[in-house]
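Structure at a glance
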Amino acid sequence: MYQLHSVRRPVTRPTGPYNRFWQGVAAGALTFVLLTLLAAGILLAGYAVMARDLPAPSELRQRASTFQTTRIYDSAGNLLNETFDPNTGRRIEVPLAAIAPAVIQATIATEDANFYTHPGIDPIALLRALYYAFQEGDVVSGASTITQQLVKRVLLSPERSATRKIKEAILAAEITRRYSKEEILELYFNEIYYGNFSYGIDAAAETYFGKEAADLTLAEAALLAGLPQLPAYYDPYTQPDRAKARQGVVLRLMVEAGFITALEADAAWQTPLAYEPLQFNLQAPHFTLLVRQQLEQLLGPESLYQAGYSVYTTLDPRLQAAAEQIVRQQVSAIADRNVSNGALVALRPQTGEVVALVGSADFDNVEIDGQVNMALAPRQPGSATKPFVYLSTFALPGRPPGEQWTPGTLLADITTAFPDGANPPYVPANYDNRELGLIPLRTALGTSRNIPAVAALQRTTLPLYLELMQRLGVTTLTRSDFGLSLALGAGEVPLLELTGAFAVLANAGQRLPPVTIQKITDVQGVLVCAQGTSRPCQPGIEAATQVVSPADAFLITDILSDNAARAPVFGPNSLLRLDRPAAVKTGTTNDFRDNLTVGYTPQLVTGVWVGNADSSPMVNISGVAGAGPIWNQFMTLAHAGEPVLAFTPPPGVRRYSVCVDTGAQPSLACPEQQEQWFAEDRPPLPPEQDLWRQIRMVRGTDQLATEYTPTDQIEERPFKVYPVAYRDWAIRNGLPQPPIEAVVAPPTLAPGVLQLAIQSPGDGETVRGVVAVRGSAALPDLASYELQYGISHDPGAFSLPISGPFASAVTDGPLGTWDTTNLEPGPHTLRLLLRAANGTQYETRVRLFVDNIPSAPSAEVPPPTATWTPVPPTEVPPPTATWTPVPPTEVPPPTATWTPVPPTEVPPPTATWTPVPPTEVPPLPVEG
């Protein structure tokens, strides 16, 4: 039975986990093979379908060098520039043997390191390009092979799509199969674009170095090999620094590829490059080349130079022609001052449109580096950036309005050693080596004083100022070692960016970056992009951004357009004055290396630079004399026939009457008053804080009158009373000062320390009955305050305290009451007297009229018995019935029925005190 069973037993598959595993492996393998075959079939079928519709690789030579040029027009439709057809422009076909080996090595190292080993496409090159891009933060080497680049230029359209990339890869593989590597290289070197209308390596060698491709040195070969990726961006004529940096990248790649040694790379890097001047006709050359660079980044090199676009720009041909002529003539007129070059930028502040751009006095003059665009070259602006230094003090983050500066803030134009971080103390001097003493911010900016500008930057701090400049569109102030000299223009800024920053002021604090392209159409006339549409040609700059407040922008504009503010330095009829309101600022750098004038009306902003491209110094010529004539002539011509427009005050500003040379609301002693603009929440200081004061002096002497001086021996003299910190300077410079006992430290020297004011009743009011007095009396070391009155507006003495003395400070609250019921009608003076713990006395007064004509009692004028004197718990004991005359500087309050005071008028504030002069003049500015 066993044998029979064993013979007839059916065959079964193994069971269990182990056997099920191998079953899965077998099934998976079969599936993988089937899927691989299917994918290969699909790929082959797709390849066959796409290859069927592709141009034959054999057409490579026939199709080479066929393209349509892109045309660039000004705003009136005049042709500025078009790319040349290779048969009529610079293109000379040469065999591979006629190309210097260094050019071939440099190109392969940069564009396609595996050229001789890959089949036309190279995944490793893509990874290599991504690695270098991540490491360098920029495109260093190409991701497409040389064969792929050749296919893109010769056989395919310049569209950007995944389908085209697939077609590109297929054709690259086919071309590699049908052509030798040498044939591919020869076609590539005769086809590729090197910028400046140079197609092919031989034309590039002729354009840039005036020689044939076979004669190029290693340094020249490395320079040219770096151009094809972005020819306009690396243009050695307009961007020499970028071109040089790109040459260094190519040399490094050649070392890594083993083509040259590090010593050979060093030698090539240190070899000077002498470029040939460009020899082609180009209208508005620097503007046009700038537009081409922007188009290259927007459209890509292949599309730009082959797709036949029409580009319409913002350039105004009339203004451009005038700008070129005026720059050329003025530079020639001052050539005897070693001036060889100039640049100009003009744009519309409301749109950002660049209407004129001159990059040099003579584009074709190689001796002055005429092809370098000085409108884009960063240069030190000198004082031309001072408006932005002061602008930064108007809106300091996190500080209340009372701590922000205003056009009336007092600044010390007095030699000061400013702490400057890790640097030695910075001691700036003014351009004329003079000091003006204490002056308002308006005067400091209008006359372009250096010392106050440094104080302003110290107040703002460097980080906040640099952040403001970035918001204004300045991109070049990126160094980490800037110091306070940045307030005087020690950082380099391109003229185009500086002019754009001034446009923000002209446009009520709104920024529209400079725009050069209005619209682009393709070869069929179809709109590709246009500013002001959903498809802008320059993305990100089509909408205005509010970067500073309209009020602050207007206040700076008001100062820059104040001809009287700059007249002490530039004169009343300087080149900075037009036949209409115009805001303008000049700049001159050390050793007269750069002259600038930048200014604007509501319609147009113009910036002008004059100097030498090699930074050699000019001879004793300032911004107003060098750049000023160009600015004046151009702005006059540009505004001919235009309406005269004033700068419109925005909401939040109003006019105040101020004392011209102190910036405060005028005291009675102020010699000259003027209405000026201030922000409503940042008004000028009140009259009692004006530096100008009437001081009671003993007639015919330099002695301060006291309460014991006979009335007929007292006279009032006006003094501009300097704070103790600057008193010695005032005396040395012939500014009469009263005896030091009369000097009262203005609150501006210690913000928020002293609060002394009678707010109600106001000066000149008529009062009767019991008068509630409100105001402020506060001081950190307050001993007491009290209210007194005197008869007439020039009292010879004051009464005993009518309220107080009180020992508690009051801010914007009730100070006490004054019962006028039994006083004779007529003029009276109410005095608030404050005493410090060290005996210093401060006072303020209001002049009033008492009117107590008898009338029926009313609720408004209660009888005298209704009066009362509030006494805080900490009240100083009231005076006794006896008295002993005590000099006014002593601590105890007077206890007599009256305190004799000099009979002549003393406008507020008239406190007398004897401060201890500081041991060092503080570096911070005097705020006003």
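What comes next concerns the included structure. Predicted model, so just to flag it, every value in this text is computed and none were measured. (Residues numbered from 1 in each chain as written. Predicted model: local features only at pLDDT ≥ 70, side-chain atom pairs only at ≥ 80, totals over all residues. Heavy atoms only, no water.)

With respect to the overall build of the protein chain
Within the protein chain one finds 25 helices and 30 strands. Across the 928 residues in the protein chain, those meeting the buried criterion constitute 53%. Looking at the protein chain alone, contacts between residues at least 24 apart form 70% of all its contacts between residues at least 6 apart. Accessible surface, the protein chain: about 40,600 Å² in total, of which carbon and sulfur atoms supply 57%. (Helix = DSSP H or I, 4+ residues; strand = E, 2+ residues; numbered from the N terminus. Buried < 20%, exposed > 50% of the residue type's maximum accessible area, 1.4 Å probe, protein only. Contact = heavy atoms within 4.5 Å. Areas by Shrake-Rupley, 256 points an atom, 1.4 Å probe, with all protein chains shown as cover.)

Let's talk about the sheet that holds strand β26 (residues 803–806)
What the five strands build is an open sheet, ordered β22-β29-β28-β24-β26; its pairing is mixed. The open sheet terminates on both sides in strands that have one partner only, identified here as β22 (766–767) and β26. Bridge count for strand β24 (residues 782–791) against β26 is two bridges, and the pairing is antiparallel. The residue of β26 that forms the bridge with Leu787 is Ser803. (Pairing = 2+ DSSP bridges.)

Thoughts on the state of the cysteines
Enumeration according to the criterion identifies two disulfides in this entry. The disulfide bridge from Cys659 ends at Cys670, spanning 2.1 Å between sulfur atoms. Note on the Cys659 and Cys670 pair: the S-S dihedral is about 100 degrees, so by sign convention the disulfide is right-handed. Highlighted residues: Cys659 in strand β17 (residues 653–659) and Cys670 in the loop between β17 and β18 (673–679), separated in sequence by 11 residues. Neither Cys659 nor Cys670 differs from the other in exposure class; each is buried. Sequential numbering of the bridged cysteines in the protein chain gives the disulfide pattern 1-2, 3-4. (Disulfide = S-S within 2.5 Å.)

Observations concerning the packing of aromatic side chains
Counted by the stated rule, this structure contains 16 aromatic pairs. Aromatic pair Tyr188 and Phe189: ring centres 5.7 Å apart, planes at 80 degrees, arrangement edge-to-face. No difference in accessibility class separates Tyr188 from Phe189, as the two residues are buried. Ring geometry for Tyr656 versus Phe678: centroids 5.9 Å apart, planes at 90 degrees, classification edge-to-face. Of this pair, Tyr656 sits in strand β17 while Phe678 sits in strand β18, and the two are 22 residues apart along the sequence. Judged by its relative accessible area of 10%, Tyr656 falls in the buried class. Three or more aromatic residues joined by ring pairs form one cluster here, namely Tyr208, Phe209, Tyr237 and Tyr275. In this arrangement the basic side chain of Arg292 is found over the ring face of Phe197, its NZ or CZ atom lying 4.6 Å from the centre. One cation-aromatic arrangement involves Lys519 over Tyr312; the distance from NZ or CZ to the ring centre is 5.1 Å. (Phe/Tyr/Trp six-rings, centres within 6.5 Å; stacked < 30°, edge-to-face > 60°. Lys NZ or Arg CZ within 6 Å of the ring centre and 35° of its normal.)

Brief notes about the nonpolar core
Residues Leu295, Phe388, Tyr390, Phe502, Leu505 and Tyr600 are the most contacted members of the largest nonpolar core, which totals 92 residues. In terms of residues, this core owes the most to one element, helix α20 (residues 495–506), which gives nine residues. With residues up to four places along the chain from it excluded, the contact list for Leu505 reads Phe388, Leu391, Ala553, Ile556, Thr557, Leu560 and Tyr600. The next biggest cluster of nonpolar side chains, apart from the first, holds 56 residues, and it includes Phe189, Tyr194, Tyr208 and Leu273. (Core = buried A, V, L, I, M, F, W, Y, C linked by side-chain atoms within 4.5 Å.)

Observations concerning the environment of Ile175
Checked against the element boundaries, Ile175 lands in helix α7 (residues 162–178). Along the sequence, Ile175 and Leu150 sit 25 residues apart, while their C-alpha atoms lie 9.9 Å from each other.

Comments concerning the sheet that holds strand β4 (residues 341–347)
By way of backbone hydrogen bonds, the strands of a sheet pair with one another, either parallel or antiparallel. If you trace the five strands from one edge of the open sheet to the other, you get β5-β4-β16-β15-β14, paired in antiparallel fashion. A single partner strand is all that each edge strand has here, and the edge strands are β5 (354–358) and β14 (583–588). The mean inter-strand angle of the sheet, taken between neighbouring strand axes irrespective of direction, is 5 degrees. Bridge count between strand β15 (residues 594–600) and strand β16 (residues 605–611): seven bridges; the pairing is antiparallel. From the neighbouring strand, Val598 faces β16, where its bridge partner is Gly607. Packed onto the sheet, helix α21 (residues 550–560) meets β14 and β15 and runs at close to 70 degrees relative to β14. (Axes fitted to C-alpha atoms, helices over the stretch in contact; angles between N-to-C directions.)

Overview of the pattern of salt bridges
Counted by the stated rule, this structure contains 26 salt bridges. For Arg471, the salt bridge identified is with Glu467, shortest N-O distance 2.4 Å. Taken together, the residues span about one helical turn, with Arg471 and Glu467 both in helix α19 (residues 462–471) at a distance of four residues. For Arg768, the salt bridge is made with Asp851, and the minimal N-O distance between the two is 2.9 Å. Of the two residues, Arg768 is situated in the loop between β22 and β23 (770–778) and Asp851 in the loop between β29 (841–850) and β30 (898–900); the sequence distance between them amounts to 83 residues. (Salt bridge = Lys/Arg side-chain N within 4 Å of Asp/Glu carboxyl O.)

Side note on unusual backbone geometry
For the bond from Ser760 to Pro761, the omega torsion is 0 degrees, close enough to zero to count as cis. One can find Pro761 in the loop between β21 (755–760) and β22. In this structure, the amide linkage connecting Gly804 to the following residue, Pro805, adopts the cis form with an omega of 10 degrees. Looking at where Pro805 falls in the secondary structure, it is placed in strand β26. Positive phi values are uncommon outside glycine, yet Ala508 reaches one of about 55 degrees. One can find Ala508 in the loop between α20 and β10 (510–511).

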